[in-house]
Structures are given as structure tokens and as C-alpha cells.
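Descriptive structure summary
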Amino acid sequence: MAERKENDAHEEASYDKTLEKRVVRKCDVYMLPILTTVYLLGVIDRTNVGNAVIAGFDYKFLNTTPALYNFAIAMYFISYMLFEIPASLVTKILGFQVWLPIIMVCWAVAAMAQAACTTVEHLIIVRFFLGMAEAGFPPSVIGYVGSFYARRELTLRYSFFMSLITLSGAIGGIAAYFIVQISGTSLHGYQWLFILESIPTIITAIVVALFMTRGPGDARFLTPEERKFAVERLRPEGGPAEIDRNTAKTQIKLAFTDLQVYVYLLMLLLASIPFNTLSFFLPTLVKQLGYTSVQAQLMVVPTLLAATVWMIFNSWASDRYQTRALNLMISHTMSIIGLIGMIATDAKNPSLYPLRYFFTVILACGAYSVLPVIFSWFSCNILGQYKRNVSIAIILTMANTGALVGVQIFPATDAPAFIKGNVICLSTVLAQVILVIGMKFYIESLNKKRDLAVLDKHNYKYDNELKNNKKRLREIAMKLVEDEPRFDEVLCDRHPNWRYIS
């Protein structure tokens, strides 16, 4: 009888594993491509102004100063910060599948309107509305994707989104190469750039409206059995569950009082500075290496492709080995090498242009690859439906301060070396290194305290050798509580049986 039960349990576990693989594969095939496409289009619509700059849509065309021109571009982030949390709440009320198509059409229209700007005041207004429209997407999509995937699967999936930011530069560069050369019409090439690159967003909004659902519980691409399994498999990790109003209020309070939330916020804020600098000014940096405006559009492509490959590999390794701090440190090291190289080499010496291009590639690999790991780190370690959603909104909203800085520190008057901007970026990377190391030791100390508390609770005898063996200590602690809940909606990630990823 016991042997039969053991066989039944083994068969059930095997079936669950097969079902899990099928659910994850369907999410990868049907849901993820649509969302990543939307993300790609959003990035192109907000950053193609970088391609337009070297095609003639610069501060001189708008008859303004470099500082005011950069402020107009940065207006996107100001409105983004103002409307991100309200937009996230609207998403929760209307549902992701309703709100997303609406804001997609709005930001596409705003992006198109940049073609009509003839003064810096026009650009400030248009960029404000563009940021307001896009504000609801990033925090909502992070939470939405997290409702379909386990935390051991998230970093790689987030890397797909982040890789599209780098690929958007490559795709946008190739598209811009051809579009800006359109002639024989009453519109300039950069005006066609704004118009033509916004049309796919409107078309995709229709697809989203027809296909997307509120979550895994009613996903059209899953069978009823798969929907139930998709929801149940994530419950131990803080997946969807019904909670009362008081519990929701408690979770919201925890989001504002958790020290980790603010460390992740500062980490992402600092990472956003070099990231957004490259997102907007990479074509400008490449142009300083002796290329024409048209050539520079193409020469950003190899840089971004290299950054994309490294980002995906680093994210895969992060998921594979369940590490976060180590992967961030490797990427930060690459950024430091790239920035020091850019600062140390003479920007006016043509013989050093190939070397400076190499440093630009290394910098892009490092700066772009940290974001998916940071996203995964806080989304995996923060539990509770409302705590996670509010925490993500807080982190992303305030982190956009970094984006605001990033688009201001490379004014045209600092060309070709951009020493000040490179020094600021280097300072932010060094600060991130300190935060990552501090967070790793803090999290590991919390995990060890909880492991020891479990052993004490179960009267398990241990010596100093076991106490200092983190891996063995974890294995024993998790074995002792394998039949107990790992978290609840009241304590969230402060539950004594929960362990953070470091």
C-alpha cells in the first residue's frame, strides 16, 4: 500500500512538472511576444527623438539652447513620474487588458505630434503628454508578467523586455537610416520618422484589445486545467489570492515602511542615469567618432546587438544559478571599464576612434544589462499582492529621477568628449557597487537568522561548523518547514519561512 502511494505521488509530481512546462511554454509563445512587442514600440516612440536629433531636429532647428532642448526631452520623465502611480491604480480597476490599448493609442498620437513641433514650447507640451500616456505601462507589465511566471523564471523574461530597449535602438537606427532620407515631400525626414514609427503602435493596440485578459485565471491561450494550475503554482510565492480591505491596507503600509524598497529604489535610480543617457544619446556619442549623421544611425546597431546578447546571457545565468548581486557586479565592472576608457582617451584624436568605439560597446553591455536583474531582484523578494504592486510603483516612479538626470548630462556643448557626463555616470556605477554589496550581505544575514530560528523552533541541535555552512544550514531549515506555508498575506516577505534571493 505504501509503495502504491509513493508511486501515485511520483506520477502526480511528474504530471505537474509536465503541466508546468506546458503552461510556461504557452506563456512564452502566446503572451510574452505581444507584451515585448508593445514594450519595443513604446521605447521606440519615446527615444526616436535621439535619431531625429542627428537628422536635423536639434536645438538649432527649434531656435533654443541645448539646455532647454534637453529639458524638453526630459519633460517626458516629469509627467511619467507624476502619473505612474495613478495610472497603476487605474490598471488595477479597469484591468490590464482594457487600459493598455487605450494608453497605447494615446502615446502613439503624442509621438506623432512631435513631427508638428516647430518651437521648444511645442516639444515640451508634446513630451509631457507622451510621458503621461506611457506612465501606466512599465509597472503594470512587470506585475502582469509576474502573475504568470515563478520567481526562478522571471529574470530571463524581464531581460527580453530590457533587450528590446537595446534592440529598439538597433531597429530604430536601421529604420531611421532609410526614413530620414525620404525626400521630395513637404515634410522633413525626421518628421516622417515620428509619423511612420508610431503607426505600428496603433495597429498593435487592436491586437492587444482582442487578445489580452486580466490574468492567468482567464487567459485565452490556456485550457481550464492549465489556468487553474497557473494560479495555484504561484500561491506559495505570493500569487493571486483574495484578501480583505484591512489586509490590503496593511500591505500598502508595509510597502512604504520596508527598508529594502528604498534600497532597490536608489539602486534603480542610479542605474537609470547611464541607461537613459545611452538610450537617448548613443547615436550622438557614435557620431563624434568621425561618422556622418547617416553612418552613425547604422553604427549604433553593432553596439546594441552586443549589449542585447550580453544582457540575455547575464539574465539567463541569474535565473539558472538564482543569483542577483554577482550578475550585477559583473555588469558594473564592464560599465566602469567603459567609462574610464572614455574619460582617459582623447576624443579629438582620430587614431583613438576605434578604441573609443570599443569602450562604448563595453559601456552599453554593462549599463543595459543591470536593469532586468534589478527588476527581478525586487519583484522576486517583495511579496504580497498590494505590497508588491505599490512597491513596484514607488520604485519605478522615483527611479525616473535618474532618467531625468540622464538626459541632461550630455549637452551638445560638451561634445566631443562629454567628460562631465561620463564622470557622473561613473560615480553612479560606483555607488551602485556599494549598494549591491551592502544589500547582498543584509539579505544573507536575514536569511541566516531565519534558518537558525527554524532550527531553534524545531529543537534541532547544531554546532558552529553547521552554523557557518550557509548551504547546509538552508537545506536543513527548508526540510524542517517543507510542509509549512512559506509566506502569508499579513507578514508577506517577513514570514519566518520565506528566504530572499541574493
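Labelled according to an unreviewed UniProt entry, the protein chain appears under the name Major facilitator superfamily domain-containing protein, originating from Gigaspora margarita. Looking at the Subcellular location (unreviewed entry) heading of the UniProt record, one finds this comment for the protein chain: "Membrane".

Take the nonpolar core next. Judged by nonpolar contacts, the single largest core of 144 residues is most densely connected at Leu-35, Phe-57, Met-267 and Phe-378. Filtering out sequence-adjacent residues up to four positions away, Met-267 remains in contact with Leu-328, Ile-374, Trp-377, Gln-432, Leu-435, Val-436 and Met-439. Judged by nonpolar contacts, the second largest core, of 9 residues, contains Val-454, Leu-466, Met-478 and Val-481.

With the rule as written, the count across this model stands at 18 salt bridges. The shortest N-O distance in the salt bridge between Asp-258 and Lys-387 comes to 2.8 Å. With a gap of 129 residues between them, Asp-258 in the loop between α11 (245-257) and α12 (259-287) and Lys-387 in helix α16 (residues 385-406) connect regions that are remote in the sequence. Judged on exposure class, the residue Asp-258 and its partner Lys-387 are both buried. Glu-444 is the partner of Lys-440 in a salt bridge, and the nearest nitrogen-oxygen pair spans 2.7 Å. With Lys-440 and Glu-444 both in helix α17 (residues 419-457) and 4 residues apart, the pair spans about one turn of that helix. The buried category is assigned to Glu-444, whose relative accessible area is 17%. Overlapping salt bridges, with partners in common, bring together Lys-17, Glu-20, Arg-152, Glu-153 and Arg-233 in one network.

The next point concerns the packing of α17 against helix α19 (residues 470-480). The geometry of α17 relative to α19 is characterised by a closest axis approach of 9 Å and an angle of 50 degrees between their N-to-C directions. Relative to α19, the element α17 is oriented oblique. Between α17 and α19 lies a crossing whose hand is left-handed. The segment α17 lies against α19, with Glu-444, Asn-447, Lys-448, Asp-451, Leu-452, Val-454 and Leu-455 engaging Lys-470, Leu-473, Arg-474, Ile-476, Ala-477, Met-478 and Leu-480. When its residues are assigned to classes, the contact of α17 with α19 shows 8 nonpolar, 1 polar and 5 charged.

The rules behind the values
- Residues numbered from 1 in each chain as written.
- Predicted model: local features only at pLDDT ≥ 70, side-chain atom pairs only at ≥ 80, totals over all residues.
- Heavy atoms only, no water.
- UniProt positions renumbered as here; feature names shortened; annotations may be inferred.
- Core = buried A, V, L, I, M, F, W, Y, C linked by side-chain atoms within 4.5 Å.
- Buried < 20%, exposed > 50% of the residue type's maximum accessible area, 1.4 Å probe, protein only.
- Contact = heavy atoms within 4.5 Å.
- Salt bridge = Lys/Arg side-chain N within 4 Å of Asp/Glu carboxyl O.
- Helix = DSSP H or I, 4+ residues; strand = E, 2+ residues; numbered from the N terminus.
- Axes fitted to C-alpha atoms, helices over the stretch in contact; angles between N-to-C directions.
- Parallel < 35°, antiparallel > 145°, perpendicular 65-115°, else oblique.
- Left-handed = near helix turned anticlockwise from the far one by under 90°.
- Nonpolar A, V, L, I, M, F, W, Y, C, P; charged D, E, K, R; others polar.

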